[in-house]
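Chain and residue survey
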Amino acid sequence: MGSHARPNRLHRTGARVATLALFGAVVPIAAGSIAQADTPAVTHSAGESDQSADDATLAPAGQARSASETRTQSQDVPDTALANAYLLDARDGSQEREMWAGAKADQSVSMASTTKIMTALVVLRHPEWLDRQITVKQEYRDYVQENGASTADLQTGDTLTARQLLHAMLIPSGGDAAMALADSFGTGDTTAARVADFESQMNAEAQQLGMTGTHFDSFDGISHGDNRSTARDLAKLGQRAMLQPVFADIVKTKQFETEAPAANGHTRYYTWVTTNDLLSSYDGALGIKTGSGAEAGYSLVFAAQRDNRTLVGAIVGADKEVFDDAAKILDWGFAH
C-alpha cells in the first residue's frame, strides 16, 4: 500500500472520522454533528459499463431491500463480474458449505481493513479481559496521522475498556483503536515488540483456521509489504468471527455512543458511525467489515440472514465500491 490514502472518500482502512465531546467543553470534531460516511450509499449510474438490467432490483440509496425483492430466477453464478469473491452458507454457524467461488477466490491480495476482523478475533480469545482499562497513548494518534490511517479519533489520556476499543475499531474502522488493542494484548518490553507479538498471534490463528492464503504483517491493514488474504479465507474468517457473540453484536451496529474518563477528570463522549453501508441497504444484513485503500482497492466481508439461513461472503481487492456486488451475491445465494 502507498503511504497516503485518497482524500475523504477512499481511506486505506475504509473509515469515517468519529465525533466526540468532552463534558464541560465541546471538542469540534465534526461541527457538532456525527461525521458522515466517506463511502457514499449505494447508487446506480446508467453509464456504468458493468451494470445490467438486474440493477432495477437494487434498492435506492439508504432504503433497505426487502426479502420479496430478492431475485428468484435460476442462475448458475451471481450477477457480478468480480473474480476475487466467495460465498458460503454458514448453516448452523459451526459448519460452512461453499456456494460459489469467483475465478480468483484463492488469489492472495491486499485486504486493507478487513484485517481488523482477525485483530478482534485474537482479542476475543480473552473474553475475561474485555473490561480491561486501556489508556490512549499519543503514539496511537501519531500513527494514524503519519500513515493516513482511518481513525476513531481517540483522545490522548482517555481511558477506555477493551470492549469499547473493539467498537472503535470495528464500527468506524479506527486504526488508533487497533493499535491500542495490539499494544495491550501483545507481549514485550516496547510498543514495537508488543505489536510484533500480537501480529504473530494473528498469523498463528490464521494457520489454525486453515487460512493458507493469508499472512498478516499489520494489525489494521496498513501493509508493510506482506499483508494479504484471499476471498475464500476472509469469508471463512468472517464466519468464525460471527460465532463470537460480542463480535456479532458489534458489527451489526450502525451507530454507537459511549463515554470514557478523560485525562483532565471530565467525561468524554464518543459517537462512532459504521463504514458498512450494507447494513442500511440490504434487508437481513448482519455486518461484517469494510476495507479500502489507494492501492488495496475495496474489500468487504459481509453476512446476512433470511429465513433461518445465514450466508457469509467476501470480496477483496476490487477496483470499485462493493456494496452493490455484495447484494447481488447474497441475492443469488438466498435464491439457491
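Residues numbered from 1 in each chain as written. Predicted model: local features only at pLDDT ≥ 70, side-chain atom pairs only at ≥ 80, totals over all residues. Heavy atoms only, no water.

1. What about the pattern of salt bridges?
The final tally for this structure, using the stated rule, is twelve salt bridges. Between Arg228 and Asp226 there is a salt bridge; the shortest N-O distance is 2.6 Å. Residue classification places Arg228 among the partly exposed residues on the basis of a relative accessible area of 27%. Judged by relative accessible area, Asp226 falls into the partly exposed class, the value being 28%. Salt bridges here are not isolated pairs; linked through shared partners, they connect Asp89, Arg97 and Arg309. (Salt bridge = Lys/Arg side-chain N within 4 Å of Asp/Glu carboxyl O. Buried < 20%, exposed > 50% of the residue type's maximum accessible area, 1.4 Å probe, protein only.)

2. Notes on the sheet that holds strand S12 (residues 309-318)
With antiparallel pairing, the five strands of this open sheet are ordered in space as S3-S2-S12-S11-S10. Among the strands making up the open sheet, the edge pair consists of strand S3 (97-101) and strand S10 (285-293). The average angle at which neighbouring strand axes cross in this sheet is 10 degrees, direction not considered. Where strand S2 (residues 85-89) meets S12, five bridges bridge the pair, whose relative direction is antiparallel. Of the residues in S12, the one forming a bridge with Leu87 is Gly313. Strands S2, S3, S10, strand S11 (297-306) and S12 of the sheet are contacted by helix H9 (residues 323-334), whose axis makes an angle of about 35 degrees with S11. (Pairing = 2+ DSSP bridges. Helix = DSSP H or I, 4+ residues; strand = E, 2+ residues; numbered from the N terminus. Axes fitted to C-alpha atoms, helices over the stretch in contact; angles between N-to-C directions. Contact = heavy atoms within 4.5 Å.)

3. Quick word on the packing of aromatic side chains
One pass over the structure, following the stated rule, counts four aromatic pairs. With centroids separated by 5.2 Å and ring planes inclined at 45 degrees, the aromatic side chains of Tyr143 and Phe219 adopt a geometry described as tilted. Pair noted here: Tyr143 is in helix H2 (residues 138-147) and Phe219 is in the loop between helix H5 (191-208) and strand S7 (228-229), with a separation of 76 residues, a long-range link. For the pair shown, Tyr143 and Phe219 are each scored as buried. (Phe/Tyr/Trp six-rings, centres within 6.5 Å; stacked < 30°, edge-to-face > 60°.)

4. Some thoughts on the pairing of S11
In terms of burial, S11 is a largely internal element, nine of the ten residues being buried. As defined by bridge partners, S10 adjoins S11 across eight bridges and the pair is classed as antiparallel. Bridge assignment links Gly293 to a residue of S11, and that residue is Gly297. In sequence, S10 turns back onto S11 through a hairpin of three residues.

5. A word on helix H6 (residues 231-241)
With respect to burial, H6 is a largely interior element, nine of its eleven residues being buried. Listed in full, the buried residues belonging to H6 are Ala231, Asp233, Leu234, Ala235, Lys236, Leu237, Gly238, Gln239 and Ala241.

6. Some points on the side chain of Asn227
Topologically, Asn227 is positioned in the loop between H5 and S7. The exposure class of Asn227 is buried, given its relative accessible area of 3%. A polar contact of 3.3 Å, which involves the side chain of Asn227, links it to the backbone nitrogen of Ser218. Ignoring any residue separated from it by four or fewer positions in sequence, one finds Asn227 in contact with Val109, Ser110, Met111, Thr115, His215, Phe216, Asp217, Ser218 and Gly221. (Polar contact = N/O pair within 3.5 Å; in protein donor to acceptor, adjacent residues only side chain to side chain.)

7. A look at the environment of Tyr140
Mapped onto the fold, Tyr140 is located in helix H2. With relative accessibility at 1%, the residue Tyr140 sits in the buried group. Put simply, Tyr140 and Ala180 are 40 residues apart on the chain and 6.7 Å apart in space, counted from C-alpha to C-alpha. With sequence-adjacent residues up to four places away left out, Tyr140 is seen in contact with Thr135, Asp176, Met179, Ala180 and Asp183. At a separation of 2.6 Å, a polar atom in the side chain of Tyr140 contacts the side chain of Asp183.

8. Thoughts on the nonpolar core
With 64 residues, the main nonpolar core has Met118, Leu154, Leu166, Leu181, Phe247 and Ile288 as its most contacted residues. Not counting the four nearest positions on each side in its chain, Leu181 is found in contact with Val123, Ile134, Ala162, Leu165, Leu166, Met169 and Phe198. The next biggest cluster of nonpolar side chains, apart from the first, holds 24 residues, and it includes Leu278, Ala285, Ile329 and Phe334. (Core = buried A, V, L, I, M, F, W, Y, C linked by side-chain atoms within 4.5 Å.)

9. Some remarks on the pairing of S2
For S2, the tally of buried residues reaches five of five residues, placing the bulk of the element in the interior. Neither face of S2 is left uncovered, since the one carrying Ala85, Leu87 and Asp89 and the one carrying Tyr86 and Leu88 both have all their residues buried. One ladder, built from four bridges, connects S2 with S3; its direction is antiparallel. Among the inter-strand pairings, Leu87 is bridged to a residue of S3, identified as Trp100.

10. What to know about the packing of H2 against helix H4 (residues 175-185)
The contact between H2 and H4 brings their axes to 8 Å, and the two run at 135 degrees. Relative to H4, the element H2 lies oblique. Here the hand of the crossing between H2 and H4 comes out right-handed. Facing H2, whose interface residues are Glu139, Tyr140, Tyr143 and Val144, H4 presents Gly175, Asp176, Met179, Ala180 and Asp183. For the contact of H2 with H4, the per-class residue count stands at five nonpolar, one polar and three charged. (Parallel < 35°, antiparallel > 145°, perpendicular 65-115°, else oblique. Left-handed = near helix turned anticlockwise from the far one by under 90°. Nonpolar A, V, L, I, M, F, W, Y, C, P; charged D, E, K, R; others polar.)

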